[in-house]
Amino acid sequence: MTSARSSRYWLLALALIALAAIVYLLGNGLFPLVDRDEPRYAEASRQILESGDWITPRYLDQLRLKKPILIYWLQASSMKLLGATDFAARFPSVLASLFTLSLFAVVWPKIVGYRRSLWAVFVFATMLMPAYLAKVCMTDAVLHVFIAITMLCLYAIWIGNARAWMLIVMGIALGGSILTKGPPAFLFLGMTLLALWLLSFTVRGDEPTRSFAPTRSISPMALVPRVFVWTLIVLGIALGLCIPWAIRLDQAHPGALANMFFDEVVKRAGEPQEGHSGPPGFYFVAFWGTAFPWCLFWPAALVYAWKRRRIPWVRFCLAAILGPWVFLEIYKTKLPHYWLPSYPFVALLIADVLVRAIRGRIRDLSDAPFIVASGVVAALLAIGSAGLIYLVTLGDGSKTLGFIAASILWLAIACAAWGAFVLIRQRQLARAALVMGLSMWAVLTFAFNVYVPATAALTLAKRTAADLRAIGATHDVVMIDYKEPSLAFYQGGTIRERSDNALPDPAAPDSPRWIVIGDDAYAAQSPALRDGYTLLSTRRGMNLADGKRQQTVHVLEKKRMPATLPTE
């Protein structure tokens, strides 16, 4: 019986991960690089590949020391194999996300059993933020692999199942996390341990549970005699992986490492960076969108987790969620994906309450208040998504194709929301959960493969770069006012940003031949200055790096000026 259950689990888990791979890969070369960070990572990685300097990342002509080197190594290596495309830049994130899913699929059955494990993997894989971060070329998916490994090792140590190989693996994972993004892994480990210590005062003894044997949790204070030696081993391995690159970087650019640490760690803790700020409660509010659609079950999952906190794995999940959450609310620089490493533990608690409800052990997910709440969420989703989709689509007067794609996308969202609500109302919770997760994947797949490519407002940088390539603007070209990093990547990386919004005098010998300029800056120039340039094309769409605002962009070419004779 156990063998049959195990075989069934592995077949379903493999099918789930294979389906996740399809969803995470499809469309990664169709939708444009978004925000400011994604195109900067992609362009810096391409410049590493083109320059052959694998020590120092650069964006255009400037050092890019916002993050350590590993993400650039991975993306540059992917580009070497697959070509310098946005698909290649995003490929490491896909692999990292699939590895994380596989890791939890292997480990979780030993902790919570096959049924909860399968549901937990499904819930995490179909959450909005993890699925989105699997498709973009930022650090978070890669960082999450290393943090997931360290957290699982911490759990094994905490329940008294420490092994020498776990310390080695933990050290390697911490080293990888440092090379990816610096100290976040230490934050999650430290705050989880602190939360475990505080939670230990709320329980008396542990309930027996299926877990790594032996199933007894150890108070963090009881680990103190061994912590010193373990810390030396883990940190020694971690630093041993990081020091060679750090030495080479400091030799090439003295002081760069210290500046990176100060700017990216100390300053971020004390003041918001690049406008990434938020009031207390930022992550609490953001969670309801980033964990969609499974946030619907979170209140019940949290209540039952608190009631069952005597179970070691439940208490560890609570600590891995609440400890980092409190710290991140205090931390000044805020972005929703900073909390990503806690989401697998959210998924595990949601899977637990789902399994208990499906088995009829709890009634909270079949009572009238939950059904009413799910109906309200479905209605809000249908109304809100319609407003957002059509606002973006029609903002630049999109033609028929974009309007049709928007209508199909909205209809899919509305039907999925209504279908899940009907199944919940009929007390068919397992089917409703399947509809919610699979619909999320279907909607994301359609959005990235059809809706975004068909919506002109979202592809402004790609269309402008195509105009530049068509006229041969592969050098001597600058951006004014419209300073979209993704334009630099799609143009080929030779475009440069002008520090001010003034149109250069075309008579000046060092003035660029081609200009990409926003409409506001263009209109502010004198007619005489504008007459020195030929207007080649005009595009309108959303500036994805600057407030996601609508903007009109012009491509100009400097007119050939008459030769002048030197005066005596």
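Residues numbered from 1 in each chain as written. Predicted model: local features only at pLDDT ≥ 70, side-chain atom pairs only at ≥ 80, totals over all residues. Heavy atoms only, no water.

Caption draft 1: Representation of the sheet that holds strand β4 (residues 496-497) within the structure. Taken together, five strands build an open sheet; the order of strands is β4-β3-β5-β7-β6 and the sheet is mixed. Looking at strand neighbours, the two that pair on one side only are β4 and β6 (533-543), the edges of this open sheet. In terms of strand pairing, strand β3 (residues 477-480) meets β4 through two bridges, oriented parallel. Bridging across to β4, M479 finds its partner in E497. (Pairing = 2+ DSSP bridges. Helix = DSSP H or I, 4+ residues; strand = E, 2+ residues; numbered from the N terminus.)

Caption draft 2: Here's a closer look at the pairing of strand β5 (residues 514-518). By the criterion of burial, β5 is predominantly enclosed, with five of the five residues buried. On β5, burial covers both faces: W514, V516 and G518 on one face and I515 and I517 on the other are all buried. With four bridges connecting them, β3 and β5 associate as parallel partners. Note on β5: the bridge partner recorded for V477 is W514. Where β5 and strand β7 (residues 549-558) come together, five bridges link them in antiparallel fashion. (Buried < 20%, exposed > 50% of the residue type's maximum accessible area, 1.4 Å probe, protein only.)

Caption draft 3: Local environment of the layout of surface pockets. There is about 1800 Å³ of room inside the largest pocket. Forming the boundary of the largest pocket are 50 residues, of which L128, Y132, L388, L444 and F448 lie nearest the centre. By residue class, the composition of the lining of the largest pocket is 38 nonpolar, eight polar and four charged. (1 Å grid on protein atoms, 1.4 Å probe; cavity = no way out; pocket = protein on both sides within 12 Å on 5 of 7 lines; lining within 4 Å. Points joined across faces, edges and corners; volume = space filled by probe spheres on them. Nonpolar A, V, L, I, M, F, W, Y, C, P; charged D, E, K, R; others polar.)

Caption draft 4: Fine view of the nonpolar core. If you look at the biggest cluster of nonpolar residues, it comprises 154 residues, and the most contacted ones within it are Y24, W294, W313, L349 and I350. At 15 residues, helix α7 (residues 140-158) tops the list of elements feeding residues into this core. Setting aside anything within four residues of it in sequence, one finds Y24 in contact with V94, S97, L98, L101, A125, A131, A134, K135 and W441. With 25 residues, the next largest nonpolar core counts Y59, A473, M479 and V553 among its residues. (Core = buried A, V, L, I, M, F, W, Y, C linked by side-chain atoms within 4.5 Å. Contact = heavy atoms within 4.5 Å.)

Caption draft 5: Fine view of helix α19 (residues 460-470). Residues of α19 that are buried: L460, A461, R463, T464, A465, D467 and L468. On its buried face, α19 is in contact with β3, α20 (485-491), β5, β6 and β7. Remark: G472 follows α19 within two positions and exhibits a positive phi of approximately 80 degrees.

Caption draft 6: Representation of the packing of α7 against helix α8 (residues 164-181). Closest axis-to-axis distance for the α7/α8 pair is 9 Å, and the angle between their directions is 150 degrees. The angle between the axes of α7 and α8 places the two elements in the roughly antiparallel class. As for the relative orientation of α7 and α8, their crossing is left-handed in sense. Two secondary-structure elements touch here, α7 through D140, V142, L143, F146, I149, T150, C153, L154, A156 and I157 and α8 through M166, L167, V169, M170, A173, L174, G176, S177, T180 and K181. (Axes fitted to C-alpha atoms, helices over the stretch in contact; angles between N-to-C directions. Parallel < 35°, antiparallel > 145°, perpendicular 65-115°, else oblique. Left-handed = near helix turned anticlockwise from the far one by under 90°.)

Caption draft 7: Spotlight on unusual backbone geometry. Looking along the chain, the bond that leaves F292 and enters P293 is cis, with omega of 5 degrees. Note on placement: P293 falls in the loop between α12 (282-290) and α13 (298-307). Of note, the phi angle at D476 is positive, near 55 degrees, even though the residue is not glycine. By the secondary structure assignment, D476 is in the loop between α19 and β3. Owing to a relative accessible area of 38%, D476 belongs among the partly exposed residues under this scheme. Of note in this structure, D481 is not a glycine but carries a positive phi near 70 degrees.

Caption draft 8: Local environment of the pairing of β3. Burial along β3 is two-sided: the face carrying V477 and M479 and the face carrying V478 and I480 are both buried. After leaving β3, the chain enters α20 and then returns to the sheet as β4, a path that is right-handed. (Right-handed = clockwise from strand over helix to strand, strands pointing away.)

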